[in-house]
Amino acid sequence: MVSKTTTFSIIMLLIGVAIGVVGGYFAGASLGKGSVQTLTMPITSIYTSYLTTTQIQTETRIMTSQIVTTVLTTPQYPKTIVDALGREIKIDKEPMRIVSTMPSITEELFALGLGFRIVGVDSYSNYPPEVVNLRKEGKIADVGGPWTLDLEKIISLRPDIVFLCRGVSVHESLYAPKLEERGLKTVFLLCDSAKDQYDVYRDLRLIAGIFNRDDVAESLIKTIDKKINDVIGKLKTQNISKPNVLILLGPPSWGLWSAGGNTFISWLITTAGGVNIASQYSGWPQLDYEYILSKNPEIIIITAHGINMSQLKKELEQTPLSRTKAWTDGKIYLLSGDASDIVLRPGPRIADALDMLSKIIHPEIFGELSRSDVQKILVIMPIILIVKR
Amino acid sequence: MAEKIYYKGVKRFVFSLMILMILSITLFISSLFVGSSSINLYKIVHMLSNIFLNKNSLYNDPMMNILDLRISRGIAAYFTGFALGLAGLLIQTVTRNPLADPYILGLSTSSLAFVSLSILLFPDIMIFRWNLVLIAFLGALTGFFITIGLSKLAGGSSVAIVLSGIAVGSFFGGVSHLLLYLVQARYNIYIMYLLTGTAQTVLWRELPYLIYPSIAGVIISLLIYKMLNAYLYGDIYSRQLGFPPGVTRTISLVITSILTAVTISIVGIIGFIGLASPHITRFLVGNDHRFTIVLSPLVGGVLTLFSDISVRIISYAYGAELPLGVITMMIGSPFLAFLIIKRLRE
Amino acid sequence: MMIKIEDLEVWYDSIPVLRDVSLEINRGDFILIIGPNGSGKTTLLKTIANLVKPKKGAVYIDGRELNRYSPRSLSKILSYIDPHLSREMPTTVLELLMTARYPREDLFKIKVDKEFINKINEVAKILHIEHLLERRLDQVSSGELQRIIIARALLQDPEIFLVDEPTAFLDLKYRFEIMDLLKKINREYMKTMIVTTHDLILAGLYGEKIILLYKGMIRAAGDVEKVLKKDLVKEVYEIDVEEIYVNNRKILIPINMK
């Protein structure tokens, strides 16, 4: 009796294993061809910065590089760097395969000429535009959203280094420990925790330091810094009044989420010559209409993707925001698409962000902003305007 | 007549046990194949023979790493269901309520509240996963103790436990909502993800804390199966049969709370498994705890592992990793509705 | 198995439910405890079963006070048959009956003796519940449930049976059947039976030693002649009765009808 049971169980066990193998194989195979990547091929990286003034100028820098399959050991490796979490990280050799998990990191990598080494980006990374194409062509893998990474994908790419963001809870508590357990090197950057341009420079320098491209970083920083200082300088020379600015992350119906004084956007507003009405708060407060009306902003900036202007206008009409000076003066701006990305991502385009905001806040000094993805609300009070002219 | 019925029951148990064990192995092996990358069979065999090597380093072959990821994930998912299956069974017995689940003791929301509070006070704590796990665990137990204390004030009966659990759970639910909002507003940290449950990021060194208490829980529960059986029929019945109901309650609740707290802190809040596994088990083998204590964890393990495999498939299609806790609830809600209707009909 | 109750006083919260209760019960006695609702019958039974703790006084079994017995050893000696069994979980009759063996078995024993299962058959036959074994407890009638819980007590096989209102929900026919059965167990197996009832007629028909409880105190104790008296009944139950004799047994018939 006992041996019968044992034989029976063993047979059932084998059947179970067989079913598991067959079933699993088909289940796995049906998932498509996320096959493990081989080494990347030469890629031309184009970094483009759009500066809009009264005449549109594009400044293009083209870098073509080829990766070498043998790793050059410079006397500077191994080196130790300190990342944004304060961890000391030992870099044994120059990392060749990079995974970026946040759009701003992707921009920074490309700006430093490291774009060709990227093997994986998050699904929201879309700048420079070639990132989108490279992803489509399969030359760069999509590793999921910044908050919903696919660790398996990341591992299959055999990266030498994975960049994560400080302040992103799942990066710090979930993904980094697991990736480290699998032996992958993770480096944290400040990303959205950046408070001003110097934090962005810190990130750029940190990345450059890992790849011995400090000179590239320094020249990039110099360029950005000059542009920023130009704006600051211009504002200083003119004795201007600083208008109250309200920035809303999303239309009012998403909640009146604004940016507090210790955020990057607030720094942008202040540097562009405005006063962020939410600056007395820290973090990302939700305001109420009473407060907004008491501050009576003269300019309202709304960042959102996928909202159209007439929809927004209708919505605003119904809210107390239509009683602000911004509404009366018609100074309500909707930033969508790329414009929204530029303003919300502390990265190499902060100078462009500052440029945009300075044109919005002080068009009398910097000129009007003319971009397809920045729309000014049309408040129709034609008769009065005509008369005024 | 009685022997016929009895041995029929025993046979059903043996049969169910075998099916569940086979299902467990089948699912586990299938899970090795499922993920966003494709892996071939040879690698899997090779991997399994080297399974306990080098837990903390990169294998030369990324496929090995991926396999390692899938194995740890599969084990985490399975034993989460295993623990919740037992916890759910015990809580349903203790409260004499077939619709109870382990979270009615107020553990999940108190855990969430504690984690949010600690992040609010020390935002850097997120870096130290081990600390967060510990805080989540202590938070869960705190909620449990408050519930028990409250229930004792209310007389200590099974009804008192349920009501106290609801009160404590709601209180901490409100508190954690507030705290989550504050954390979001202050630091722009969205931490719901931390507790909606995922098996993907469970570390190997955390798995023993999931596995050993679960197995210990099954063994201890089996030892007191008679107390549990007697307890079903009332406090008076249990006592006059020689088993003080308070002892049964204490032992069961300790096991339930520890197992639930462990799953919350390591994997997150996985709904429905604690409710459904005992139901399915009772449907298979009836109410004798000799059988249900053994089977309910297995049912839970199978359900959760299956859900995790589904998560991998859905996430691949959708492009982003979905939380396990959400999928189990989605699969579960229709089943729960069916159960409620069936029960009310009778 | 002698039960001695001395100066028992039991309170529920701040209400006295039993006072000054003293009595002796010998092995093999058939005791009927009667009295109106609220007189403390159930409480007395529960106190003997150690389910309720007295405020004053004590219950002694074989000279040893109740609280000196461990719950387990007590469960081998007595069984309290609870009419309010919890039926919230979907258990079956057989599953309930299977628990009856616990007091006599080792706590950790997992296997079930074949003997016991045979015993279940026997007892099920005696109580006419064979066809109910696979039924769920919440799907049997109250009369069937009554027989089931008595069957369970039989299987537990204690020395003392504490039966709380066994005839409350039964059809007339079954009332007599149950009382006959209890009498039979008492006689054939020398088991001590302590039964509460509010049915005066049954008390007359079956009573050997009767205890009349009134407002928590023993109003009268003794045989049928001594206890079932018109004036006592009038005082305690507040009804008029007529004494009649059937088969040499005294029966009280209420005659309050106008």
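Read on for a plain summary of the structure. A quick note: this is a predicted structure, and the numbers were derived from the prediction, not measured.

### Some details on the overall build of chain A
Argument step 1. For chain A, the helix and strand inventory stands at 15 helices and 16 strands.
Argument step 2. For chain A, buried positions account for 45% of its 389 residues.
Argument step 3. Long-range pairs, those at least 24 residues apart, make up 64% of the contacts in chain A between residues at least 6 apart in sequence.

### Brief notes about the environment of Ile129(C)
Residues and elements named next belong to chain C.
Argument step 1. Relative to the assigned elements, Ile129 resides in the loop between α4 (114–126) and α5 (142–156).
Argument step 2. The class for Ile129 is buried, based on 22 C-beta atoms found within 10 Å.
Argument step 3. Apart from residues no more than four positions distant in its own chain, Ile129 is found in contact with Val93, Ala124, Glu144, Arg147, Ile148 and Ala151.

### Quick word on the packing of helix α4 (residues 107–121) of chain B against helix α5 (residues 129–153) of chain B
All names here are of chain B.
Argument step 1. Running from N to C, α4 and α5 point in directions that differ by 135 degrees, and their axes come no closer than 7 Å. Classified by the angle between their axes, α4 and α5 sit oblique to one another. Read as a crossing pair, α4 and α5 show a hand that is right-handed. Each of Leu107, Thr109, Ser110, Ser111, Ala113, Phe114, Val115 and Ser118 in α4 lies in contact with α5, whose residues at this interface are Leu132, Ile135, Ala136, Leu138, Gly139, Ala140, Thr142, Gly143 and Phe144.
Argument step 2. The residue inventory of the contact of α4 with α5, partitioned by class, reads 10 nonpolar, 7 polar and no charged.

### Some words on the pairing of strand β3 (residues 30–34) of chain C
Residue and element names in this part refer to chain C.
Argument step 1. Of all 5 residues making up β3, 5 are buried, and the element is well covered by its neighbours.
Argument step 2. Of the two faces of β3, the one carrying Phe30, Leu32 and Ile34 and the one carrying Ile31 and Ile33 are both buried.
Argument step 3. Sheet topology note: the β3/strand β9 (residues 209–214) ladder contains 4 bridges and is parallel. The residue bridging Ile34 from the neighbouring strand is Leu212, located in β9.

### Describing the interface of chain B and chain C
Argument step 1. Residue-level contacts link 28 residues of chain B with 32 residues of chain C.
Argument step 2. Within the residue set of the side of chain B that touches chain C, elements represented by two or more residues are α1 (2–33), α9 (225–231) and α10 (235–240) of chain B.
Argument step 3. Across the side of chain B that touches chain C, the residue classes tally to 14 nonpolar, 7 polar and 7 charged.

### Examining helix α1 (residues 41–48) of chain C
Argument step 1. In terms of burial, α1(C) is a largely internal element, 8 of the 8 residues being buried.
Argument step 2. Once α1(C) finishes, Asn50(C) follows within two positions and takes phi at roughly 65 degrees, a positive value.

### Observations regarding helix α12 (residues 273–285) of chain B
All names here are of chain B.
Argument step 1. Its 13 residues give α12 an end-to-end C-alpha distance of 18 Å, which sits within 8% of 18 Å, the value for a rise of 1.5 Å per residue.
Argument step 2. The element α12 is extensively covered by neighbouring structure, given that 10 of its 13 residues are classed as buried.
Argument step 3. For α12, every residue scored as buried is listed here: Ile273, Gly274, Leu275, Ala276, Ser277, Pro278, His279, Thr281, Arg282 and Val285.
Argument step 4. On the buried face of α12, the contacting elements are α1, α3 (62–94), α13 (289–318) and α14 (324–345).
Argument step 5. Two residues or fewer after α12 comes Gly286, characterised by a positive phi angle close to 85 degrees.

### As for the sheet that holds strand β12 (residues 244–249) of chain A
Residue and element names in this part refer to chain A.
Argument step 1. One open sheet holds the 5 strands; their spatial order is β13-β12-β14-β15-β16, and the pairing between them is mixed. A single partner strand is all that each edge strand has here, and the edge strands are β13 (275–276) and β16 (374–376).
Argument step 2. Of the pairings in the sheet, the one linking β12 to strand β14 (residues 299–303) comprises 5 bridges and is parallel in character. Bridged to Leu249 within β14 is Thr303.

### Points about the nonpolar core
Side chains of nonpolar character tend, in soluble globular proteins, to be buried together.
Argument step 1. Of all hydrophobic cores here, the largest spans 189 residues; its most connected members are Leu189(A) and Leu268(A).
Argument step 2. A total of 19 residues in this core trace back to one element, the largest contributor, which is α3(B).
Argument step 3. When residues of this core are sorted by domain, at least three fall in each of domain 1 (44–222) and domain 2 (238–388) of chain A.
Argument step 4. Not counting chain neighbours up to four residues away, the residues in contact with Leu189(A) comprise Ala84(A), Ile105(A), Phe163(A), Cys165(A), Arg166(A), Asp203(A) and Leu206(A).

### Notes on the sheet that holds strand β5 (residues 98–100) of chain A
Residues and elements named next belong to chain A.
Argument step 1. Read from one edge of the open sheet, 5 strands run β7-β6-β5-β10-β11, paired in parallel fashion. The sheet is open, and its two edges are formed by β7 (141–142) and β11 (186–189), each paired on a single side.
Argument step 2. Where strand β6 (residues 118–121) lies against β7, 2 bridges are found, and the strand directions are parallel. Its bridge partner being in β7, Gly120 is matched across the sheet by Ala141.

How each quantity is defined
Residues numbered from 1 in each chain as written. Chains lettered and ligands numbered in written order. Predicted model: local features only at pLDDT ≥ 70, side-chain atom pairs only at ≥ 80, totals over all residues. Helix = DSSP H or I, 4+ residues; strand = E, 2+ residues; numbered from the N terminus. Buried ≥ 20, exposed ≤ 12 C-beta atoms within 10 Å, placed from the backbone. Contact = placed C-beta atoms within 7 Å. Axes fitted to C-alpha atoms, helices over the stretch in contact; angles between N-to-C directions. Parallel < 35°, antiparallel > 145°, perpendicular 65-115°, else oblique. Left-handed = near helix turned anticlockwise from the far one by under 90°. Nonpolar A, V, L, I, M, F, W, Y, C, P; charged D, E, K, R; others polar. Pairing = 2+ DSSP bridges. Expected span 1.5 Å × (residues − 1). Core = buried A, V, L, I, M, F, W, Y, C linked by C-beta atoms within 7 Å. Domains from an automatic or database assignment.

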